[in-house]
Amino acid sequence: MGVSIVPTLKVLKPVGMIVGVGFVGLLVGYFANAAFFPGTTPVQPIEFSHTIHAGDYEIPCLYCHTEARRSPSAGVPSVNKCMGCHAIVATDSPLVREVARHYENAEPIPWIKVHDLPDFVHFPHNRHVAAGLECQECHGPVETMDRVTRMAPNEMGQCLTCHRDMEVEHGIDCLTCHK
Amino acid sequence: MQRRHEDIKFADVNNDIVRSLVETGPRYYVTLAIAVLITLACFFFPWFYQLYYGIGAAGMNHPTVWGTYLASFIFWIGLSHSGTLLSCVLHITNSEWRKAMYRSAEAMTLFSLMVAAMMVMVHVGRPWFIHWALPYPNQMELWPNFRSPLMFDVMAITTYLTGSSIFIYMGSIPDFAAVRDRTTGWRHHMYVLLSLGWRGTDTEWHRLGWAYTFLAVLIIPLAVSVHSIVSWDFAMSIVPSLHQTIFAPYFVVGAIYSGTAGIVTVMFVLRKYMNFEHYITKVHFDNLGKLLLALSLIWTYINVVEVFTGWYSNDSAELESLRYKLFGFYAPLYWEMILFCAVAPLLLISKRFRTSFVPMLILSIAINIGMYTERFLIVGTSLSRQYLPDSWGVYVPSLVELSILVGSIAMFCTLFLVFVKIFPSVSIYEVKETLPAPDEGKTQWQATH
Amino acid sequence: MSLIDDFLARWHEYRRPGYYEEFDYHWTMTVDLDRCTGCEACVTACQAENNTPIVGEDAIARGRHMQWMRVERYWEGEYPDVKLRAIPMFCQHCDAAPCETVCPVSATYHNQDGLNAQIYNRCIGTRSCAVYCPYEVRYFNYNNHHWDEPLDQQLNPDVSVREKGVMEKCTFCIQRIRQAKDAAKDDGRRRVQDGEVQPACVQTCPTEALVFGDRKDPDSAVSLMLGNERAYTVLEELNTDPSVVYLKKVDADAA
Amino acid sequence: MPNIDRRSFLTLVGAGGVGAGAGFMLSESRKHPVEHLVPYPVPPEEFSPGIATWYNSVCSMCSAGCGISVRTREGRAKKIEGNPAHPVSQGRLCALGQSGLQALYNPDRITGPLVRAGRRGELEFDPATWEESLAELANQLELMRTAGRGGGVALLTGGVRGHLASLLELFMSWLGSDQLLHYDFNHPATLYAANERFFGESELPYYDIENSRYVLSFGADFIGHWLSPVHHGLGFGRSRQARDGIRARFVQIEPRMSLTGAAADEWIAANPGTEGILALGIARRIVDQGGYQGADLDAWRAALDGYAAESVAEQTGVAADTVARLADSFAETQPGLAIGGGATGNHSNGVDALVAVNALNHLVGNIGVEGGVIFNPPPAFGPTASRQAGLSRMLELAEDARAGRIEMLIVSNTNPVFNLPEAAGFAEALADIPQIVSLSTFLDETTAQADLVLPSHTYLESWGDDAPSPGVGFRVGAVSQPVVEPLYDTRATGDIVLELAHRMGLDLAFPWPNMEEYLKYSWREVWSSGTPDPAIPDFDTFWTSVVRAGVWGDETRAPGGEFAPDAGVVDGIGVGAPEFAGAEGEFPYALHPYLSNGLHDGRGANLPWMQELPDALTGVVYGSWIELNPVTAEELGLSEGDVVAIESPAGSIEAPVLVYPAIMPGVVAMPIGQGHEQYGRYAHEHGVNPIDVLAAQTEPGTGALAWAATRVRLVPTGGRVDLVKVGGDSRELGREIVQIADAGTPAAAGAPTVASATDAGAAVGIDVPAVGAEAAMANTRLNSIPITVVNT
């Protein structure tokens, strides 16, 4: 008498389907956003191509990002530095003319950050460069990117894995990175 | 007019209890609505404000970083104690009088544990990261700190909550089946799922009985350990007057004490408003009264020991802490606690008192007020007077805290009100066991064995 | 029996936390109370260096000041023979720190440099560390703090600004220690030399009452101070083994 | 595939859509916000993002003139520390000095020129441009100058020193005005006068606390705020625990225990205003005991005749045997040092009292010796004539104003409306001045009365220099350079003055385009005055090095030798009974105002760090209070938080009571600094200003405000407030928190003198041996890339 579960399941079916479809929708929406609008490849105010500079012409990273060698912050080159070459190189390119305009007006170019560590992280570029780390280890093959994409997640696990593999002295102590 | 307990027929039991589930008067809905409203307005609204503003919405300050949230936490954990623990103890000692009240007592355990867990969420500064207190593998390669008494707490409470849930659920399966067979519509479907296909065969009864006793034996040490562990949150610190070996038994006794008083309150309410007059009788109140009296004496003894230890230490920090508790800013609260928890329960010596319902209700509520005060004093007085006198301070709860305290009681009531409409709040089959069997004048329990 | 004897003999050892048998550095600070005047220059230095918030009058009235360094004042005697005893109080970086055992998420722990670390990101705000700390030097962010513009331009970029619900305390200016270590490595040295790193309070103390350094270096200034017969630790009976050592105040008129 | 009807299908599609939308939003919310990286178009030389740059400069928060090093990151000032190369601060800095950053980044700064729109004091201003304002002002000034009415311009500034003072002097002389006044509440005018009378020169000597073994201080809170607190603090520390086996003894004589009193070995409460008498009592005992054997012994005997122990004891309230004990130990312990100042100097008998203190130093031979009073050579630069105005000079100005002789008042970074007693009537006199121009950084009470506000830079944005006074026994000059770009549309005071001069057509007299050039020009003289150094071949190198180091010095000390006061001086020694405003019967308590540690004379009140810095002795923040001895409080039935009205002959204010264990029963004390009506959000509406109830009482010799010479009565109002303070119980309860060693404990031999974390270059011309320069340099490599020139 009424012990069987089957009638109950029949009653529950429509509700179950709605919940199930909704959940699948949630997953699809979440990953669709992550896949199609990752936000890891922002459009820069001037379409600077690393493929040309770092790839084709093999300009070393540290030539422009000089500060990475001596400062915790790698920084981006100043317009002044761009004009160091572009005063004579490719002066008729529309992009270079745009850079020149910034230079003449003494206007900085508002580059968009691609690799952005949170403010509570102490990441000294100079120490990592001195340790012989290739820029590509964290930044990916930038020399092949027309538009720079954040390849690595830049999350704590990545730091820890590397610090452990490289046997960094006290590398997994929290205070090594957290400030 | 009142039916005597012996006169109740098995069918009456079924009908009475199913009626309590199915027939719902407007009074119930009004009560539920009020409880839900108070929960929302006094618990969730201030809590959301606190989430937005920060713990600063509460009255905590520099020396007294813990406040009523933690006091409430201990209070609710304490209240949880008499339910399942008492039920287990009475079950294995075969106390017949337990059977009419244990279901609601166990429900109390469950809900006060839930409310206690909510108090943890309210208490911590960043509840959105509370999952870090659980051990799970993660990319940060971090585990919780297993040396922390708070970590023990998380484990103990989770275990106790799980154990209690299983215990109450298991005991309810035959009743779910009984209700399933007497209801229709969505209730029927719900009880189909809840009763797990119970048919009432001998094998099923046998296994249930065995498993139930087994769990009861398992839960007793667990319950004792839970409140001991809660006490370690305090006793393992080096705060003067908290760093004491007596704290574990102190907390356990206090917990059972306040829990028993809580059962008295709940039973009064059930008896009055669910029309269970003939199931919950003077016998129950008499027995619980005796238990309360014994507990109050033990509790008083431990308090005397605590005061004596402080005085005998002759240590400046301990003495000051003691002096402050007895005569300082919070002294009125201390003496109120003594009055409610040590002096007033002496009335229980009188049998007439024990068997009078309203006085018992008043006393039970007074005891729980006193016990809440005790928890508040443990947090408040000790933290206000620590080692460095220049860092002494005074803590006064804020409106948000008081509101959340009221709201937590309302939340408990809400949960309980929902419970009585889903679970048979008096155990159908075990009450039947206490009744004379239709044949041979044996109880059903005896008949099935 | 010998087993029990052995156990009792090593009791003290057993109850030590024992994260690190051997510290790499053992940062220590000494406070010469005979030099300290209680002028509180250290308090402001700390506040400027470590982005400790401006909490406002109401918050202080409610006992929620946030200065990591405070000067405690104790009066002794009655007029006219009244004396003030001032003592700077800040995180003692105990080697057997009660706060470290209680944190359920290990947001505070002892690191290999003898520092009592507080990782703000990990903190969930149970505040139990502040309860367990007998020195009352842990400060809780009861709310998010605000710097009226442009006061926020002063904030030190090397130190996180803490959000609501997080415990914070003196770090011995970990950002300066870290910088000195990086500089030492840049120079191809393995170790930081004595005097290369000064927390803000030590750096500014007008009476030079505070001395900071590595206790493991026997020639460091701080080791020299530790050898002084006036050295003591506050609340020694609690066995917390602090890394902040005070030098007794001298009472010239005491017998 | 089961049959799905249309309705179910739509329901399912809806569910899926809602789910997908929620998932999309969830993913969106987890993304990083867009952040920009904005590099310089052309970066400054040696600028590096992520690396701090240190600039050396001079602190202007009080008149001590400490050298500072300012840490900047990405063009913003982050931290101020003492300049280790500067001999005054030697790498250290007080709380107020470090808060200079909050003056720079104060949210209540004036952001551009303002012209008064409403009535005076109503704070209705219209924004203006520099061009217009300066043109009009210059025009006005030029008209007055050519019409010979230049004398109608008065220029009132704070404690200005160095070449800015010379520039102002020059400017005023070109205007033909004599009304150049410096008003600084804390200026020790009486000390100058006493030194002039006793030593024959109106200069501050160098108090060599560091090498002293006995410091007897009469009312001077030299660790708290008096003259040069940071340097005194260094001396205090080193005299106590840096010498093998030697520990100096500090005795502090004052009615209310100050920070210095609390740090001292012995605190003695003498009746207010009688400290000078006590000094003479001690002197008498020294002379009587044969401690002085000078040629003019008889003159001394005669002068000290009236100061026998008993009568001194009666007047001062200090027991006769205590006087004898102090005298004997002071004479015995060499070298020793007697210092007078604070309330002692600002009483009706202030100058006499300070002369008596000087006499003490002379009697035991502590003048011109190491560990005693050392004469400073004349300052390296700056005007010689003192323009410091006391109360009587300010009253004269007010009188001139009332008489219509002042046509224009220019006020620069001083706040007389706040810092003068209401009884002086200065604020009312302002109403009679047709034109008031304020060159203030903040909208303070005086600026609120201005018709034209030309906001000035803070010291961290401007060029300047300073010859600290008191020096350190030799000549020191320091250059103050801008450490950040100006935040707002403000200008440096010096630049405003130069600009005005140019617009007035005085280009020939003021040939310098700006303050920086003026300083460079002026420092040529300093360069040629110093000892030639082969490493510094030309002026440009010299200038670069000085700016880089922040300090220059010439270690040539003033000639020492025997000192003997003139005969007439000795005859004139004597301290009269203090005179109070208010009769003792009617006003039973002597009011002892004191400068608070953080707020100073009120200038620190707009700095939130200083407001939140617990008072060093009471722990109070954000408020005013009145300190009562426990006995007094009990007599009046008052306890902490009871509000009383403090009524003096000059006025009345209300403040809560604080029971303070270390104050004389007949004295009540109040901190100065709170009670601002203007001065920004952090200052206003906190506490009361005790200066308001002070009588306009002057020290007769100097005309300085005798701020310690007012009596008050206390009238309970029945109100109660909770004093906001940090700290709980002030008794230790035998817990041995602050442990005490007995006197037999040897001093910490070789206690370290610790280097600063910063050092942007060694000082020029001097060597500051105290600083472990080697250690400092090591850290420099990381932190400091000295940049000598910043565009202003």
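This is a predicted model, so every value here is computed, not measured. (Residues numbered from 1 in each chain as written. Chains lettered and ligands numbered in written order. Predicted model: local features only at pLDDT ≥ 70, side-chain atom pairs only at ≥ 80, totals over all residues. Heavy atoms only, no water.)

**Regarding the interface of chain C and chain D**
Here is step 1: Contacts between chain C and chain D engage 83 residues on the former and 98 residues on the latter.
Here is step 2: Interface area, chain C with chain D, both sides summed: about 7800 Å², of which 55% is carbon and sulfur.
Here is step 3: Viewed at the interface, chain D and chain C are joined by 10 salt bridges.
Here is step 4: The shortest N-O distance in the salt bridge between D:Arg73 and C:Asp158 comes to 3.0 Å.
Here is step 5: In this structure, the connection of chain C to chain D is made through 41 residue pairs in polar contact (both at pLDDT 80 or more).
Here is step 6: The element contributing the most residues to the side of chain C that touches chain D is helix α3 (residues 41–49) of chain C, with seven residues. (Contact = heavy atoms within 4.5 Å. Buried area = accessible area lost by both parts, 1.4 Å probe. Salt bridge = Lys/Arg side-chain N within 4 Å of Asp/Glu carboxyl O. Polar contact = N/O pair within 3.5 Å; in protein donor to acceptor, adjacent residues only side chain to side chain. Helix = DSSP H or I, 4+ residues; strand = E, 2+ residues; numbered from the N terminus.)

**Regarding a nonpolar patch on the surface**
Here is step 1: A surface patch of nonpolar side chains, about 400 Å² in accessible area, is lined by A:Ile5, A:Val6, A:Leu9, A:Leu12 and B:Leu193.
Here is step 2: Broken down by element, the residue count for the nonpolar patch peaks at three residues, all from helix α1 (residues 6–36) of chain A.
Here is step 3: Mapping A:Ile5 onto the fold places it in the segment before α1.
Here is step 4: Residue classification places A:Ile5 among the partly exposed residues on the basis of a relative accessible area of 39%. (Patch = residues over 30% accessible without salt bridge, like charges linked within 9 Å, V, L, I, M, F, W, Y side chains within 5 Å. Areas by Shrake-Rupley, 256 points an atom, 1.4 Å probe, with all protein chains shown as cover. Buried < 20%, exposed > 50% of the residue type's maximum accessible area, 1.4 Å probe, protein only.)

**Focus: the sheet that holds strand β3 (residues 67–73) of chain D**
Residues and elements named next belong to chain D.
Here is step 1: Overall, antiparallel pairing links the three strands, which are arranged β2-β3-β4 in an open sheet. Each end of this open sheet is capped by a strand with a single partner; those strands are β2 (53–58) and β4 (76–82). Sheet twist, expressed as the mean angle between neighbouring strand axes with direction ignored, is 30°.
Here is step 2: Strand direction decides the pairing type here: β3 and β4, joined by six bridges, are antiparallel. Each bridged residue has a counterpart across the sheet, and for Arg73 the counterpart in β4 is Arg76. (Pairing = 2+ DSSP bridges. Axes fitted to C-alpha atoms, helices over the stretch in contact; angles between N-to-C directions.)

**Topic: the interface of chain B and chain A**
Here is step 1: On the chain A side, the residues contacting the 13 residues of chain B number 14 residues.
Here is step 2: Surface buried jointly by chain B and chain A totals about 1100 Å² across both partners, of which 63% is contributed by carbon and sulfur atoms.
Here is step 3: Contact with chain A buries area across many residues of chain B, yet B:Gln139, B:Glu141 and B:His189 alone supply 43% of it, more than any other trio.
Here is step 4: Where chain B packs against chain A, one counts one salt bridge.
Here is step 5: The salt bridge involving B:Glu141 is made with A:Arg164; its shortest N-O contact spans 2.6 Å.
Here is step 6: With four residues, the top contributor of residues to the side of chain B that touches chain A is helix α6 (residues 185–194) of chain B.
Here is step 7: For the side of chain B that touches chain A, the per-class residue count stands at five nonpolar, four polar and four charged. (Nonpolar A, V, L, I, M, F, W, Y, C, P; charged D, E, K, R; others polar.)

**As for the nonpolar core**
Here is step 1: Of all hydrophobic cores here, the largest spans 265 residues; its most connected members are B:Phe234, B:Phe416, C:Ile87, C:Phe172, C:Val234 and C:Tyr246.
Here is step 2: Among the elements that take part in this core, helix α8 (residues 247–273) of chain B stands out by supplying 14 residues, more than any other.
Here is step 3: Those residues in contact with C:Ile87 that lie beyond four places of it in its chain are C:Leu33, C:Arg70, C:Val71, C:Glu72, C:Tyr74, C:Tyr232, C:Val234, C:Tyr246, D:Ile737 and D:Val738. (Core = buried A, V, L, I, M, F, W, Y, C linked by side-chain atoms within 4.5 Å.)

**Topic: the packing of aromatic side chains**
Here is step 1: Applying the stated criterion across every chain, the model contains 75 aromatic pairs over all chains.
Here is step 2: Arranged with centres 6.0 Å apart and planes meeting at 70°, the rings of D:Tyr292 and D:Trp300 form a pair that is edge-to-face.
Here is step 3: Taking the relative accessible area as the measure of exposure, D:Tyr292 reaches 8% and is therefore buried.
Here is step 4: Judged by centre distance (5.4 Å) and plane angle (50°), the ring pair of D:Trp512 and D:Tyr521 falls under tilted.
Here is step 5: Here D:Trp512 falls in the buried class, since its relative accessible area comes to 10%.
Here is step 6: Each residue in the set B:Phe75, B:Trp76, B:Phe111, B:Tyr169, B:Phe176, B:Tyr191, B:Tyr372, B:Phe412, B:Phe416, B:Phe419 and B:Phe423 is aromatic and connected to the rest through ring pairs, giving one cluster.
Here is step 7: The lysine or arginine in question, B:Arg271, covers the ring of B:Phe357, its NZ or CZ lying 3.7 Å from the ring centre.
Here is step 8: We note D:Arg711 situated over the ring of D:Phe580; from NZ or CZ to the ring centre the distance is 4.7 Å. (Phe/Tyr/Trp six-rings, centres within 6.5 Å; stacked < 30°, edge-to-face > 60°. Lys NZ or Arg CZ within 6 Å of the ring centre and 35° of its normal.)

**Focus: the environment of D:Thr53**
Here is step 1: Following the sequence through the fold, D:Thr53 ends up in strand β2.
Here is step 2: The sequence separation of D:Thr53 and D:Glu654 amounts to 601 residues, and the corresponding C-alpha distance is 48 Å.

**So, empty space enclosed by the protein**
Residue and element names in this part refer to chain D.
Here is step 1: For the largest cavity, the calculated volume is near 220 Å³.
Here is step 2: Forming the walls of the largest cavity are 24 residues, and the residues nearest its centre are Gly219, His225, Gly342, Ala343 and Trp707.
Here is step 3: Put simply, the parts of the chain that give the lining of the largest cavity at least two residues each are α6 (189–199) and β21 (589–595).
Here is step 4: Element by element, the count of residues in the lining of the largest cavity is highest for β21, at four residues.
Here is step 5: Split by residue class, the lining of the largest cavity holds 10 nonpolar, 11 polar and three charged. (1 Å grid on protein atoms, 1.4 Å probe; cavity = no way out; pocket = protein on both sides within 12 Å on 5 of 7 lines; lining within 4 Å. Points joined across faces, edges and corners; volume = space filled by probe spheres on them.)

**Things to note about the packing of helix α3 (residues 68–92) of chain B against helix α5 (residues 149–180) of chain B**
All names here are of chain B.
Here is step 1: Orientation of α3 relative to α5, taken along the N-to-C sense of each, is 40°, at an axis distance of 11 Å. The orientation of α3 with respect to α5, classified from their angle, is oblique. Judged by the twist between their axes, the crossing of α3 over α5 is left-handed. Here Phe73, Ile77, Ser80, His81, Thr84, Leu85, Ser87 and Cys88 of α3 lie close against α5, whose contacting residues are Asp153, Ile157, Tyr160, Ser164 and Phe167. (Parallel < 35°, antiparallel > 145°, perpendicular 65-115°, else oblique. Left-handed = near helix turned anticlockwise from the far one by under 90°.)

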